[in-house]
Amino acid sequence: MSTFKAILVSRDEEKKQSVEVTNLNDSDLMEGDVTVAVEATTVNYKDGLAITGKSPVIRHWPMVPGIDFTGKVLGSSHKDFNEGDDVILNGFGVGETHWGAYAQKARVNGDWLIKRPSGVSAKQAMSIGTAGYTAMLCVMALQSHDITPERGPIIVTGANGGVGSVAISLLSKLGYEVIASTGRMEESEFLKNLGANEIIDRNELSEAGRPLGKERWAGGVDAVGSHTLANVLAQTKYGGAVAACGLAQGFDLPTSVMPFILRGVSLLGIDSVMAPKMVREEAWSRLASDLDMTKLENLTTEIGFDDLISTATDIVDGKIRGRVVAMM
Ligand code: NDP
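Computed from a prediction, not measured in an experiment: that's the story for all the values here.

K.L.:
Explanation requested: the overall build of the protein in the structure shown.
P.N.:
Counting its regular elements, the protein contains nine helices and 15 strands. Compactness check: the protein gives a C-alpha radius of gyration of 20 Å against a globular reference of 20 Å for 328 residues, within 12% of the reference. Dimensions of the protein, computed from the C-alpha atoms along their principal axes, are close to 60 × 45 × 35 Å. Relative to its 328 residues, the protein shows a buried fraction of 56%. Within the structure as shown, the protein displays about 13,700 Å² of accessible surface, and the carbon and sulfur contribution to it stands at 48%. One finds the centroid of the 31 positive side-chain charges in the protein at a distance of 3 Å from the centroid of its 41 negative side-chain charges.

Listed below in structure tokens is the structure:
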């Protein structure tokens, strides 16, 4: 491939943002010690924000967006990678400060890559994507905090989204009872098929609530933040824990210390972007073993390179259900 297709986000002197599909050469790529033929990527909420310009995700202009990909190594001077290796990249500022996944080739720092677990295809890896890998990090955090299935149900907020849908599948396969909170009650059947035992309307949690409520769940995976996270904490059982990874409702957290000091509830912060390599490798290896790949397929919509831009708008508008995988 002498030239290859890419999406480029630029802005003019008045900081007005534009998005185009263009052709690039290898020499256009940014510095890095591993060049990868991108086989699959996905559309994360953050990619939606970058392409629509709704939030200042991009910090280097112009930018090839896309925060995660999987592909085959074309060339490497990094000690851990050789030509032909199947690799995965999540985060590390790719698609924000370093040219990312929405191109048929990427050149990155090899320290950011991990090998794709054997038995996981390119399509499956990006059906999981950063959302699914983050869901796994949330589940691992709850498990490290001894939140076992016997201790009670787990609430998953933003249930129809990428993190939420994979979290439900994982928790259900691991034997947890799952309560799914969603604004799309019409998708209840979909959520039940993923393994949710109970579906609640997200309106129950989205307004300012009391500092402490009835103890309803042993833990939570929260992709929503704001009042939702505050209410999830207020209704967590004694000694429980909530893994917080997202801000779909807002980045504020209007809570009190009451759940922490009267019920010993823990708030576990989850970051996928800068997570150390060891943690990433564990998460991906756990995904390969703990995720039901049939359920993964059922929650995934496949798109092509040409659909990336419109799908990025859809995700910001809350129109995407489950996961999207883009085959390049
Ligand atoms: P999606 O857009 O796929 O899902 C978000 C879901 O949140 C929606 O599907 C919707 O679920 C729910 N939601 C949307 N708007 C609101 C609202 N105003 N109030 C309450 N619920 C709402 O995104 P992802 O699942 O990929 O990501 C979820 C969050 O996690 C995002 O904020 C993202 O930035 C963050 N994230 C963080 C990572 C980290 O490293 N910490 C990594 C990956 C993602 P429903 O329709 O079921 O209500």
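K.L.:
Help me understand the sheet that holds strand S8 (residues 154-157), please; the structure alone is not making it clear to me.
P.N.:
In a beta sheet, neighbouring strands pair by backbone hydrogen bonds and run either parallel or antiparallel. With parallel pairing, six strands are arranged side by side in an open sheet as S10-S9-S8-S11-S12-S13. The open sheet terminates on both sides in strands that have one partner only, identified here as strand S10 (198-201) and strand S13 (266-269). Direction aside, neighbouring strands of the sheet carry axes that sit 20° apart on average. Seen against the sheet, helix H2 (residues 122-144) touches S8, strand S11 (217-222), strand S12 (236-244) and S13 and runs at an angle of roughly 150° to S12.

K.L.:
Honestly, the domain arrangement of the protein in this entry has me stumped. Any pointers?
P.N.:
When the parts of a complex come together, some accessible area is lost, and that lost area is often used as the size of the interface. Taken as a whole, the protein is organised into domain 1 (4-116 + 297-327) and domain 2 (129-269). Computed over C-alpha atoms only, the centres of domain 1 and domain 2 are separated by 29 Å. Contact with domain 1, which involves 14 residues of that partner, is made by 15 residues of domain 2. When domain 1 packs against domain 2, close to 1,000 Å² is buried across both sides, 56% of that on carbon and sulfur atoms. Contact with domain 2 buries surface across domain 1, with Leu-299, Arg-321 and Arg-323 losing the most and accounting together for 48% of the total. Our count for the contact surface shared by domain 1 and domain 2 stands at one salt bridge. For Arg-321, the salt bridge goes to Glu-187, with nearest N and O atoms at 2.9 Å. In this structure, the connection of domain 1 to domain 2 is made through five residue pairs in polar contact (both at pLDDT 80 or more). Across the side of domain 1 that touches domain 2, the residue classes break down as four nonpolar, six polar and four charged.

K.L.:
What should I look at first to understand the site of the ligand in this one?
P.N.:
Around the ligand there are 25 residues in total, and Thr-182, Gly-183, Arg-184, Arg-202 and Ser-272 lie nearest to it. Here an oxygen atom of the ligand and a backbone polar atom of Ala-248 are 3.5 Å apart. Against a free-state accessible area of 920 Å², the protein chains account for coverage of 85% of the ligand. Those elements giving two or more residues to the shell around the ligand turn out to be H2 and helix H3 (162-173). Residue contributions to the shell around the ligand peak at three residues, all from H2. In the shell around the ligand, the residues fall into eleven nonpolar, eleven polar and three charged.

K.L.:
Teacher, can you tell me more about a nonpolar patch on the surface here?
P.N.:
The grouping of Val-257, Met-258, Ile-261 and Leu-262 at the surface amounts to a nonpolar patch, some 370 Å² of accessible area in total. Here Val-257 shows up in the loop between S12 and helix H6 (258-263).

K.L.:
Got a minute to help me understand the pattern of salt bridges in this structure?
P.N.:
Between side chains of opposite charge, pairing is possible as soon as their charged atoms come close. Using the criterion set out here, one finds 14 salt bridges in the structure. The salt bridge involving Lys-46 is made with Glu-96; its shortest N-O contact spans 3.0 Å. On the criterion of sequence distance, the pair formed by Lys-46 in helix H1 (residues 45-52) and Glu-96 in the loop between strand S5 (86-90) and strand S6 (105-108) is long-range, its members being 50 residues apart. Relative accessible area serves as the criterion here: at 27%, Lys-46 is assigned to the partly exposed category.

Cut-off values and rules
Residues numbered from 1 in each chain as written. Predicted model: local features only at pLDDT ≥ 70, side-chain atom pairs only at ≥ 80, totals over all residues. Heavy atoms only, no water. Helix = DSSP H or I, 4+ residues; strand = E, 2+ residues; numbered from the N terminus. Rg over C-alpha atoms; globule rule 2.2 N^0.38 Å. Buried < 20%, exposed > 50% of the residue type's maximum accessible area, 1.4 Å probe, protein only. Areas by Shrake-Rupley, 256 points an atom, 1.4 Å probe, with all protein chains shown as cover. Lys, Arg positive; Asp, Glu negative; His and termini not counted. Charge placed at Lys NZ, Arg CZ, Asp CG, Glu CD. Pairing = 2+ DSSP bridges. Axes fitted to C-alpha atoms, helices over the stretch in contact; angles between N-to-C directions. Contact = heavy atoms within 4.5 Å. Domains from an automatic or database assignment. Buried area = accessible area lost by both parts, 1.4 Å probe. Salt bridge = Lys/Arg side-chain N within 4 Å of Asp/Glu carboxyl O. Polar contact = N/O pair within 3.5 Å; in protein donor to acceptor, adjacent residues only side chain to side chain. Nonpolar A, V, L, I, M, F, W, Y, C, P; charged D, E, K, R; others polar. Near = heavy atom within 4 Å. Patch = residues over 30% accessible without salt bridge, like charges linked within 9 Å, V, L, I, M, F, W, Y side chains within 5 Å.

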